[in-house]
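Chain by chain, the residues run as shown.
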There are 2 protein chains.
Amino acid sequence: MSLTGDRRAEQSAEEPTDGSRPGRRGPARSDRPSATIGRVAEAAGVSRATVSRVMNGSPTVAAELAARVRAAAEELNYEPSLVARSLALGRTSTVSLIVPDLSNPMFQDVLRGLSHAAAGRGYRLLVAESNENVAEEAILAVEARRRSDGLVLASPRVPEAELRALSDRLAPLVLLNRDLPGSNVPSLSVDYAAGIAAIVAHLRSLGHRRIVYLAGPAASTSNRERQAALRAACAAEPVCALTELPCGATFDDGHASARAVLRSGATAVVAFNDMVAFGALSGLHELGIGVPRDLSVAGFDDIPFARYTTPPLTTASIPRNELGRQAWDRLWALLGGGPAGHDVHFQPRLLVRDSTGPVPAGRG
Amino acid sequence: MSLTGDRRAEQSAEEPTDGSRPGRRGPARSDRPSATIGRVAEAAGVSRATVSRVMNGSPTVAAELAARVRAAAEELNYEPSLVARSLALGRTSTVSLIVPDLSNPMFQDVLRGLSHAAAGRGYRLLVAESNENVAEEAILAVEARRRSDGLVLASPRVPEAELRALSDRLAPLVLLNRDLPGSNVPSLSVDYAAGIAAIVAHLRSLGHRRIVYLAGPAASTSNRERQAALRAACAAEPVCALTELPCGATFDDGHASARAVLRSGATAVVAFNDMVAFGALSGLHELGIGVPRDLSVAGFDDIPFARYTTPPLTTASIPRNELGRQAWDRLWALLGGGPAGHDVHFQPRLLVRDSTGPVPAGRG
DNA sequence: CTGAAAGCGCTAACAC
DNA sequence: GTGTTAGCGCTTTCAG
């Protein structure tokens with residue numbers, strides 16, 4: 001049996017030449033007959049309004065008519081057009097998410113949380129990736145918003161002025177890891193500063209007074225936040241020397257800085273993120289340095305692997321899924337015309353595992 | 001300055017009561033005036049057709065008119081409705097992807113590859129997760145397809161008969177890691193059997209003759225495939241004893257089976273996937289077993305961390321992104337009304353790293 | 001309870 | 001070149 005054959009037969013039997021229809025441009029749709037509400041109405045001998053009512057489960061239709069309509073719909077393989085429905089309703093039941101980078105676990109989890117929460121209300125999710133490209137980001141945001149009923153912008157890179165200018169066209173809008181002071185755009189973010197402060201306090205309590213920071217990409221906002229928090233935390237302590245080493249965001253970056261870490265004379269390293277910490281762990285291991293015996297290492301993010309390194313990594317965990325879930329809550333409130341609730345700063349949770357320990361004797 | 005205030009003022013100036021409009025139900029949209037093509041036409045003193053032409057960059061519009069239209073559009077903050085456009089054009093410029101589980105790196109990468117490739121042609125991506133729920137999956141697929149121009153189904157769990165029945169309504173459709181023999185639905189999949197065969201050959205060349213398989217979840221199709229391939233590969237060799245241990249898909253599962261692995265007397269372990277292999281590595285390490293000195297371990301998938309374990313993991317890599325990219329190619333061809341090209345079986349690539357080595361002396 | 005009719009916002013023949 | 005007109009497929013008042 002050939003599906004192709006079957007389809008073609010059906011098609012030529014039901015429809016004249018597709019070329020005669022207007023509105024066909026670019027890649028053609030599948031050339032199935034594609035029943036419309038009109039055809040179903042005709043087949044069932046009722047009006048389109050009645051078909052509409054039946055399809056939407058309105059209880060005010062006589063049982064006999066409803067049955068006839070359902071039969072006709074079944075027979076014609078009728079699928080109501082959601083596009084037409086959206087146009088008539090003024091609502092697409094779709095929301096969009098723009099992320100800078102789909103390969104980042106942070107955004108993957110936001111995506112998951114958002115998608116799941118939205119699905120609970122019958123909303124679908126449109127996803128777009130800006131590839132860290134600022135110009136692209138603004139375009140994407142506007143476009144994605146036009147296709148949907150609301151928008152979530154995760155860690156947008158757009159300059160504040162532009163974001164502010166855009167925020168009106170993008171509403172209902174929810175911001176993740178970014179805020180717009182003075183506007184009424186809801187914002188959910190991670191309090192990186194608090195996370196860093198917790199890590200520093202932990203290190204201090206272990207006796208560490210010389211810390212080296214393996215800095216992330218200069219362009220990264222979260223790096224700037226983490227770095228500033230680290231400076232502040234160190235400055236607040238009576239004795240706390242901070243060395244900053246330009247590093248990066250990857251395992252290899254961390255690995256490459258092992259020697260520099262040693263040269264810094266620090267007793268503890270705070271890495272921009274877990275990947276960098278892993279790399280440092282590996283590089284230090286190769287140099288014969290024991291962690292945490294000779295040196296303590298802390299990461300940030302608590303990516304799934306942090307539990308499984310040797311030694312397991314001390315890090316700060318952030319509620320990535322929750323960010324997506326609550327973004328939906330805010331968006332849903334906005335869609336309902338209500339206020340979105342208060343902004344929140346998620347507090348990272350310090351996870352003390354085995355990569356941090358007391359300062360080696362004589363090195364305090 | 002209050003954005004809220006400004007907006008409200010504009011709104012009440014431009015529009016009577018929103019309640020009088022039909023088609024408003026459920027959560028209301030943001031109550032912005034939302035200029036239409038008609039208003040712009042009116043403001044610019046031209047017809048809607050002209051506005052449409054200008055907005056779509058048609059070159060056949062007098063410069064002076066075009067300028068007036070652009071000014072009016074700017075003034076009114078006009079954003080063409082993509083929904084209306086889709087309805088008129090019969091094309092949404094959106095495709096959908098359904099995955100069983102968004103937390104699986106495999107699907108994350110497919111998503112990324114597909115999204116990126118589709119974006120290159122101005123298409124957007126709608127994503128939905130079936131949560132491994134078969135009933136849900138079929139519904140989602142149909143619904144997602146109705147909102148878009150085409151569909152990619154990744155590793156669908158739906159039974160063959162149902163998929164076959166659905167395939168017509170879902171077209172243009174591309175299948176990932178699943179095929180529909182005899183249909184003309186394009187299918188891209190990973191040749192797990194070939195990957196397993198390569199691993200076994202590698203192990204054999206190292207002298208291993210007793211292999212233990214750490215099996216994945218019984219419900220998993222890919223586990224069944226891998227397991228079957230392993231049996232076949234071992235059966236094909238002159239001397240090759242295979243022990244199968246029920247295990248799972250996670251680090252902890254692998255970790256927990258370390259003792260059982262030892263008891264099996266095998267000299268090499270083939271894990272269902274990399275996570276399980278990591279767990280085994282860790283569990284064996286704790287038991288004082290050297291890898292690959294005492295035992296060889298191989299994983300499957302080449303997840304990003306496989307390079308960074310100690311020792312780095314021998315595994316089979318699969319082109320996850322490529323799967324997404326090529327799914328787009330197929331879909332694009334289908335959208336254009338052409339044939340989709342031949343199905344492909346991606347061949348995993350064996351990555352020999354340090355977790356596999358020669359059989360210990362006297363244990364061959 | 002059902003149908004007729006108007007409209008959602010945009011596009012594209014077709015005529016001027 | 002530009003406007004007129006007729007849809008795209010569905011929903012929803014409003015009569016009856």
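Residues numbered from 1 in each chain as written. Chains lettered and ligands numbered in written order. Predicted model: local features only at pLDDT ≥ 70, side-chain atom pairs only at ≥ 80, totals over all residues. Heavy atoms only, no water.

Per an unreviewed UniProt entry, chain A goes by HTH lacI-type domain-containing protein and derives from Plantactinospora mayteni.

Asker: I keep staring at the overall build of chain A and nothing clicks. Help me out?
Answerer: What chain A contains, in helices and strands, is 14 helices and twelve strands. At 28 Å, chain A has a C-alpha radius of gyration far larger than the 21 Å of a compact globule built from 364 residues. Dimensions along the principal axes, computed over C-alpha positions, put chain A at roughly 95 × 55 × 40 Å. Counting only residues that meet the buried cut, chain A has 52% of its 364 residues in that class. For chain A, contacts bridging at least 24 residues in sequence account for 68% of all contacts bridging at least 6. As presented, chain A carries roughly 15,800 Å² of accessible surface, and 53% of it is formed by carbon and sulfur atoms. Counting 40 positive and 38 negative side-chain charges, chain A places the averaged centre of each group 2 Å from the other. (Helix = DSSP H or I, 4+ residues; strand = E, 2+ residues; numbered from the N terminus. Rg over C-alpha atoms; globule rule 2.2 N^0.38 Å. Buried < 20%, exposed > 50% of the residue type's maximum accessible area, 1.4 Å probe, protein only. Contact = heavy atoms within 4.5 Å. Areas by Shrake-Rupley, 256 points an atom, 1.4 Å probe, with all protein chains shown as cover. Lys, Arg positive; Asp, Glu negative; His and termini not counted. Charge placed at Lys NZ, Arg CZ, Asp CG, Glu CD.)

Asker: Looking at this structure, how should I read the relation of the copies chain B and chain A?
Answerer: Think of it as a corkscrew move, a rotation about one axis and a shift along it, taking one chain copy to the other. The operation relating chain B to chain A is a screw motion whose rotation component is 180°, with 0.2 Å of axial translation and a residual RMSD of 0.3 Å. Both copies are brought into coincidence by an operation consistent with a two-fold rotation axis. Judged by C-alpha distance, B:Leu126 is the residue of chain B that lies nearest the rotation axis, at 2.2 Å. (Least-squares fit on C-alpha atoms with pLDDT ≥ 70 in both.)

Asker: I'm lost on the nonpolar core in this one. Help?
Answerer: Nonpolar side chains in soluble globular proteins generally cluster together in the buried interior. A:Leu97, A:Leu176, A:Trp328, B:Leu97, B:Leu176 and B:Trp328 are the most contacted members of the largest nonpolar core, which totals 97 residues. Other than its neighbours up to four places away in sequence, B:Leu97 contacts B:Val110, B:Leu111, B:Leu114, B:Leu125, B:Leu126, B:Val127, B:Ala128, B:Val152 and B:Ala154. Grouped together as the second largest cluster of nonpolar side chains are 51 residues, A:Phe251, A:Ala271, A:Phe278 and B:Ile289 included. (Core = buried A, V, L, I, M, F, W, Y, C linked by side-chain atoms within 4.5 Å.)

Asker: For this particular structure, what's the right way to read helix H2 (residues 37-44) of chain A?
Answerer: Residue and element names in this part refer to chain A. Restricting attention to buried positions, one finds in H2 the residues Val 40, Ala 41 and Ala 44. Projected down its long axis, H2 shows its buried positions confined to an angular sector of 100°, all on one face. Across H2 from its buried face, at more than 90 degrees, point the exposed residues Glu 42 and Ala 43. Lining the buried residues of H2 we find helix H3 (48-55) and helix H4 (63-76). Residue Gly 45 follows H2 closely and has a positive phi angle near 70°. (Arc of directions from axis to C-beta.)

Asker: In this structure, what is going on with the confidence of the model for chain A? I would like to understand it.
Answerer: Predicted coordinates in areas of low pLDDT are best not read in detail. Averaged over every residue, the pLDDT of chain A is 89; the share at 70 or more is 91%. In the predicted structure, residues 1-31 of chain A sits below a pLDDT of 50 and forms 36 contacts with residues beyond four places in sequence or in another chain. (pLDDT = per-residue confidence, 0-100.)

Asker: Is there a simple way to explain the sheet that holds strand S3 (residues 150-154) of chain B in this structure?
Answerer: Hydrogen bonding along the main chain pairs the strands of a sheet, whether they run parallel or antiparallel. In spatial order, the strands read S11(A)-S5(A)-S4(A)-S3(A)-S1(A)-S2(A)-S2(B)-S1(B)-S3(B)-S4(B)-S5(B)-S11(B); together these twelve strands make up an open sheet with mixed pairing. Strands at the two margins of the open sheet, each flanked by one partner only, are strand S11 (344-346) of chain A together with strand S11 (344-346) of chain B. For this sheet, the mean inter-axis angle between neighbouring strands, taken without regard to orientation, is 20°. Here strand S4 (residues 173-176) of chain B runs beside strand S5 (residues 187-190) of chain B; their pairing, made up of two bridges, is parallel. Within the sheet, the bridge partner assigned to B:Leu175 lies in S5(B) and is B:Ser187. Across the sheet, helix H14 (residues 320-335) of chain A is in contact with strand S1 (94-99), strand S3 (150-154), strand S4 (173-176), strand S5 (187-190) and S11 of chain A; its angle to S4(A) comes to roughly 160°. (Pairing = 2+ DSSP bridges. Axes fitted to C-alpha atoms, helices over the stretch in contact; angles between N-to-C directions.)

Asker: I keep staring at the protein's contact with DNA strand C and nothing clicks. Help me out?
Answerer: Neighbouring DNA strand C are 26 residues, the closest being A:Thr50, A:Ala62, B:Ile37, B:Tyr78 and B:Arg85. For DNA strand C, the backbone makes up 68% of the atoms found within 4 Å of the protein, where backbone means sugar plus phosphate. Between DNA strand C and A:Thr50, the relevant distance is 2.6 Å, taken from a phosphate oxygen to a side-chain nitrogen or oxygen of the residue. In this structure, a base oxygen belonging to DNA strand C sits 3.4 Å away from a main-chain N or O atom of A:Ala88. Sorting the residues of the surface near DNA strand C by element identifies H3 and helix H5 (82-89) of chain A together with helix H3 (48-55) and helix H5 (82-89) of chain B as the ones contributing at least two each. Residues belonging to the surface near DNA strand C are distributed by class as follows: 14 nonpolar, seven polar and five charged. (Near = heavy atom within 4 Å. Polar contact = N/O pair within 3.5 Å; in protein donor to acceptor, adjacent residues only side chain to side chain. Nonpolar A, V, L, I, M, F, W, Y, C, P; charged D, E, K, R; others polar.)

Asker: I tried to follow the packing of aromatic side chains on my own but got confused; where do I start?
Answerer: Any aromatic ring pair is given by two values, namely how distant the centres are and how the planes are angled relative to each other. Evaluation of the coordinates by the stated rule reveals 15 aromatic pairs over all chains. Ring centres of A:Phe278 and B:Phe305 lie 5.4 Å apart, and the angle between their planes is 75°; on these two criteria the pair is classed as edge-to-face. Here B:Phe305 lies in the loop between strand S9 (296-298) and strand S10 (315-317) and A:Phe278 lies in helix H13 (residues 274-286), a pairing that spans two chains. Comparing A:Phe278 with B:Phe305, the two get one shared label, buried. Between A:Phe305 and B:Phe305, the ring centres sit 4.2 Å apart and the planes meet at 5°, which makes this aromatic pair stacked. Taken together, the residues span two chains, with A:Phe305 in the loop between strand S9 (296-298) and strand S10 (315-317) and B:Phe305 in the loop between S9 and S10. A relative accessible area of 11% means that A:Phe305 is categorised as buried. An aromatic cluster is present here, built from A:Phe251, A:Phe278, A:Phe305, A:Tyr308, B:Phe251, B:Phe278, B:Phe305 and B:Tyr308 joined pairwise through their rings. (Phe/Tyr/Trp six-rings, centres within 6.5 Å; stacked < 30°, edge-to-face > 60°.)

Asker: Could you clarify how one ought to interpret the environment of B:Val95 in this entry?
Answerer: All names here are of chain B. Residue position: Val 95 is located in strand S1 (residues 94-99). C-alpha of Val 95 to C-alpha of Pro 312: the two residues are 217 residues apart in sequence and 38 Å apart in space. Discounting residues that sit within four places of it in the chain, Val 95 has contacts with Ala 118, Tyr 123, Arg 124, Leu 125, Leu 126, Ser 148, Gly 150, Trp 328, Leu 331 and Leu 335.

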